[in-house]
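A closer look at the structure
Okay, here's what each chain looks like letter by letter:
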Amino acid sequence: MQRGAVAADRLGGGRTVLGGETQGEQGIARLGLVVVDGHAAVDVAQVRDHPAARRIDVGEQTREGVGTDRVMERREVRPVGLGDGGRDQQQGRHGQQASKFVVHSPSMVVYKGKFSTTKSGRSTMTIRCRFAPSPTGNVHIGNMRAAIYNWLFARHHGGQFLLRVEDTDRERSTPEAVQTVLNAMDWLGLTVDEVPMYQSTQRDAHLAAAEQLLTAGRAYKLDKGGTGKGEAILFRMPGSDMTYRDLIKGDQQRPASSPTMSDFVIVRSDGNPVFHLANIVDDINQGITHVIRGDDHVDNTFRHIALIQALGAPVPTYAHLPMIVNQQGKPYSKRDGAAFVGDFQDQGFLADALFNYLVLLGWSPGDDREVLTRDELVTLFTLDRVQSKPAQFDMKKFQWMNSEYIQRSPDAEWSRRFRDAFPEATDDAYLAQVITLMKPRVKVWADIATAAYFFREEFPVDADAYAKRLGTPEARAQLAALTAQYANLPSFDATALETALRTTAESLGLKPADLIHPVRLAVSGQPGGPSLFHLLETIGRNRALNRLNKAIRA
RNA sequence: GCCCCCAUCGUCUAGAGGCCUAGGACACCAGGUUCUCAUCCUGGUAACACCGGUUCGAAUCCGGUUGGGGGUGCCA
C-alpha cells in the first residue's frame, strides 16, 4: 500500500469525499472515493470534479453486498489524463501499476480499486476557463450565469478565469457595448486573472490557422452554393464517428453521417473568419482547458473538436449549460421582465443576490442550503450537480433572495442607503433608531423612501386612508383629546404614549385602534408602518404634536 | 423534415433500486403573535408525464409513447 496526502471534504447528505494524491515509484496518482454514512462507495460523478481527484473515469464496475441494512459498492476506478487534459493520456502509455487501497472508515468498510499512474510528477493541471461574450450592448442573465459558472469552476479548482471579448461584429461591438460587459462583470464581482483578449486583434492568427488547415489538406476552397461571391474556405470534417464527454450532459456522439458532421465554412469568401474558427483558435491561444457555455453549442462542439484536433492542439473539456426560460418554456427574453444584468442593477437589486440566485437556477449544493456566501459557493460548486434541463426564472423567488441579502446587509450599508435617500439624516443615534424600526419592512432598497416622515415634514400621504380615519369632525375631536394628553406627558416614551392612548380611548368609549389609526395617519400619512408608539417616541414630542395639531385643524 | 437533448409539487430543486407515506425553498392558503403594515411562529394544499419491461422491490435501470427544448447559415 502506498501513502499520500488525503483530503476529506464533507459533501452533505452524510457523504464525505476522500481524495488525494498518492505517490508511488511510477509517479503520482489520484484517487477519490465517497464514504456514505461510513460506507465506502466510489462516486465517480462527485469525485470527478473534486480538486483532490479530478478526471476519474470508471472502468469495470461491480456491485455487491446488497444486504438488508447495508449497501456496499465496489468499483474499479481509473484516473485518466491527469495533468494534460486527458487527450494524449491513453491507458498503457505511461506505467500503469495496479495498486490496492484499503481505507478504513469508521465502520471498517473496505474499498479496493485499481488506478494507473502518470509518469510525470507534474500532475497538476491548471484549469483555465473563459467567458467569451459578444458585446451587443446588453448582458443577458443566461450569459451571465454561464460567466458565473465559469468563474466558480475556476475558483473552485484554483484555476484561472479569463475574459475574451468576441468583438468581430464591428457594427454592434461599440466601446459602450464592451463597457457594458465589463460593468456587469465588475458589478457581480467576476474577477479575471489576465487582461481581456479582444478577438478583433486575433484576425491574423485565425487566418494563419486556416492556411495551416489548407496546407494540411484539412480545408479546401469552394464557391459554396455557386453564389458567385467567390471562394470560401471550408473545413473538411474527419468522416468518422465522433464522441465527447460533456461534464453536464454526459457522453455525446454523432455518426459521420450526421448533418452536423458535414464540412463547413471557416473563412468567408470576403476573407473574414467565421465564429467557429475564431473561437477555437482563441481558445487554443488562451490555453483554455474547460469550455463552459450555453447548450446551443452542443452540435458546434463536434466541429470545434474536429478543428482543434486538425490543428494538433489539445482538446479542452466541455460543459454545456441549459438555458434560462420563461413561463412558456421559451428562452427568457426582455419581454419576460428584467433580462439583462443592467436591468437588475438599475432596479436596485443586490449583485450578491443575483449571483446567488443565478447559481441556484440549475444547480444546488445537494442539501437544503440556498442562501450561500461567495466563499461557500466556491467551495461547493461542481459541474456534475448542474441540471441538464432548462430552468425558469422565478422573479418571486429572486425577490425573496434579494430581501434575504438586504436583511443581512451590514449596518454601515443600511446607514449609507438611508443617508443617500435622506441627506437630512445627520444624527447617527436617530438614524439607528429609524433603521431598527424600518428594517423588517424593507424588501428592496427603494422601500426606504417610505420612511420620509422620519426626516421631513413633507412626506407622501395616503389620501384614501387619511379620509377614512380623519375625514370626520368626530375623528378630529377625538384626536384633539389625545393630543391634549400627549402635550402634557412627563416623558414622551413609547410606554407612556401607549398608556395615555389606551386610557384616553377608554374615556372616550373607543377601542385603542380607533385612535391608533388616526394618529398614525396624522404623523406618517401611511396606513401601515412601524409600531406607532415607537414611531412617536422616535420622531419626538415637537414633531408629533405639530403634525397632530395640523391634522386636527384640517 | 432531419439530428440531438430533456422530463419530480405552480416554480427552483433533493433523490444515484429498498432510507420515499417522495424532503427542502419560493409562491399560495389557513391559523397564531400584534396598534397597522411587515417580520416572526405553526399548520396545510401541491409532483415522480404515460405505457410496458427488468427486479422480491423502480421516482431511480431498459424500451416505447407523449410533451417540451436546442440545433439544422459564407450568424454568433
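Residues numbered from 1 in each chain as written. Chains lettered and ligands numbered in written order. Predicted model: local features only at pLDDT ≥ 70, side-chain atom pairs only at ≥ 80, totals over all residues. Heavy atoms only, no water.

1. Points about the overall build of chain A
Of regular secondary structure, chain A possesses 17 helices and 20 strands. Buried positions account for 47% of the 554 residues belonging to chain A. Summarising the internal contacts of chain A: among those between residues at least 6 apart in sequence, 66% fall at separations of at least 24. (Helix = DSSP H or I, 4+ residues; strand = E, 2+ residues; numbered from the N terminus. Buried < 20%, exposed > 50% of the residue type's maximum accessible area, 1.4 Å probe, protein only. Contact = heavy atoms within 4.5 Å.)

2. Topic: the pattern of salt bridges
One pass over the structure, following the stated rule, counts 21 salt bridges. One salt bridge in this structure joins Asp283 and Arg164, with 2.9 Å as the shortest N-O distance. Linking Asp283 in helix H5 (residues 275-285) with Arg164 in strand E10 (residues 160-165), this pair joins segments that are 119 residues apart in sequence. Since its relative accessible area comes to 3%, Asp283 is described here as buried. Between Asp420 and Arg416 there is a salt bridge, with its nearest N and O atoms 3.1 Å apart. In this pair, Asp420 and Arg416 are both assigned in helix H11 (residues 411-421), four residues apart and thus about one turn of the helix distant. We classify Asp420 as exposed; its relative accessible area is 53%. The class of Arg416 is partly exposed, set by a relative accessible area of 41%. (Salt bridge = Lys/Arg side-chain N within 4 Å of Asp/Glu carboxyl O.)

3. A look at the packing of helix H15 (residues 494-507) against helix H17 (residues 532-553)
Here H15 crosses H17 at 125°, and the two axes come no closer than 8 Å. Comparing their axes, H17 and H15 come out oblique. As H15 runs across H17, the sense of the crossing is right-handed. Taken together, the residues of H17 that come into contact with H15 (itself represented by Ala494, Leu497, Glu498 and Leu501) are Phe533, His534, Leu536 and Glu537. Among the residues making up the contact of H15 with H17, the classes are represented as five nonpolar, one polar and two charged. (Axes fitted to C-alpha atoms, helices over the stretch in contact; angles between N-to-C directions. Parallel < 35°, antiparallel > 145°, perpendicular 65-115°, else oblique. Left-handed = near helix turned anticlockwise from the far one by under 90°. Nonpolar A, V, L, I, M, F, W, Y, C, P; charged D, E, K, R; others polar.)

4. Details of the sheet that holds strand E16 (residues 264-267)
Read across the open sheet, the three strands follow the order E12-E13-E16; overall the sheet is antiparallel. Each of the sheet's edge strands pairs with one partner strand only, and the pair in question is strand E12 (219-222) and E16. Across the sheet, the mean angle from the axis of one strand to that of its neighbour is 45°, orientation sign disregarded. (Pairing = 2+ DSSP bridges.)

5. Regarding the nonpolar core
By size, the foremost hydrophobic cluster in this structure holds 107 residues, and its most contacted members are Met144, Leu190, Trp363, Phe393, Phe418, Phe454 and Tyr486. When residues in this core are grouped by element, the largest group, 10 residues, is from helix H2 (residues 141-156). Aside from chain neighbours lying at most four places away, what touches Phe454 is Tyr430, Val434, Leu437, Met438, Pro530, Leu535, Thr538, Ile539 and Arg543. (Core = buried A, V, L, I, M, F, W, Y, C linked by side-chain atoms within 4.5 Å.)

6. A look at the side chain of His276
Along the chain, His276 turns up in helix H5. A residue is classified by how much of its surface remains accessible, and His276, at 11% relative accessible area, is buried. Apart from the residues lying within four places of it in its own chain, the contact partners of His276 are Phe264, Asn300, Arg303, His304 and Leu307.

7. Here we look at the environment of Trp363
Tracing the chain through its elements places Trp363 in the loop between helix H8 (351-360) and helix H9 (374-380). Along the chain, Trp363 and Ser388 lie 25 residues apart, while their C-alpha atoms are 9.4 Å from each other. The contact partners of Trp363, leaving out residues within four places of it in the chain, are Tyr149, Leu372, Leu377, Leu380, Phe381, Thr382, Arg385 and Val386. Among the polar contacts listed, one links the side chain of Trp363 to the backbone oxygen of Thr382, at a separation of 3.2 Å. (Polar contact = N/O pair within 3.5 Å; in protein donor to acceptor, adjacent residues only side chain to side chain.)

8. Points about helix H3 (residues 175-188)
Taking 1.5 Å as the rise per residue, H3 with 14 residues should run 20 Å; its terminal C-alpha atoms sit 20 Å apart, in good agreement. Among the residues making up H3, those that are buried are Ala177, Val178, Val181, Ala184, Met185, Trp187 and Leu188. Just downstream of H3 lies Gly189, where phi reads positive at about 75°. (Expected span 1.5 Å × (residues − 1).)

9. Some remarks on the sheet that holds strand E9 (residues 128-131)
Strand order across the open sheet formed by three strands is E9-E10-E11, with parallel pairing between neighbours. Looking at which strands have only one partner, the edges of the open sheet turn out to be E9 and strand E11 (197-198). As defined by bridge partners, E10 adjoins E11 across two bridges and the pair is classed as parallel. Opposite Val165, over in E11, you have Tyr198 as the bridge partner. Along the sheet, H3 makes contact with E9, E10 and E11, crossing E10 at roughly 160°.

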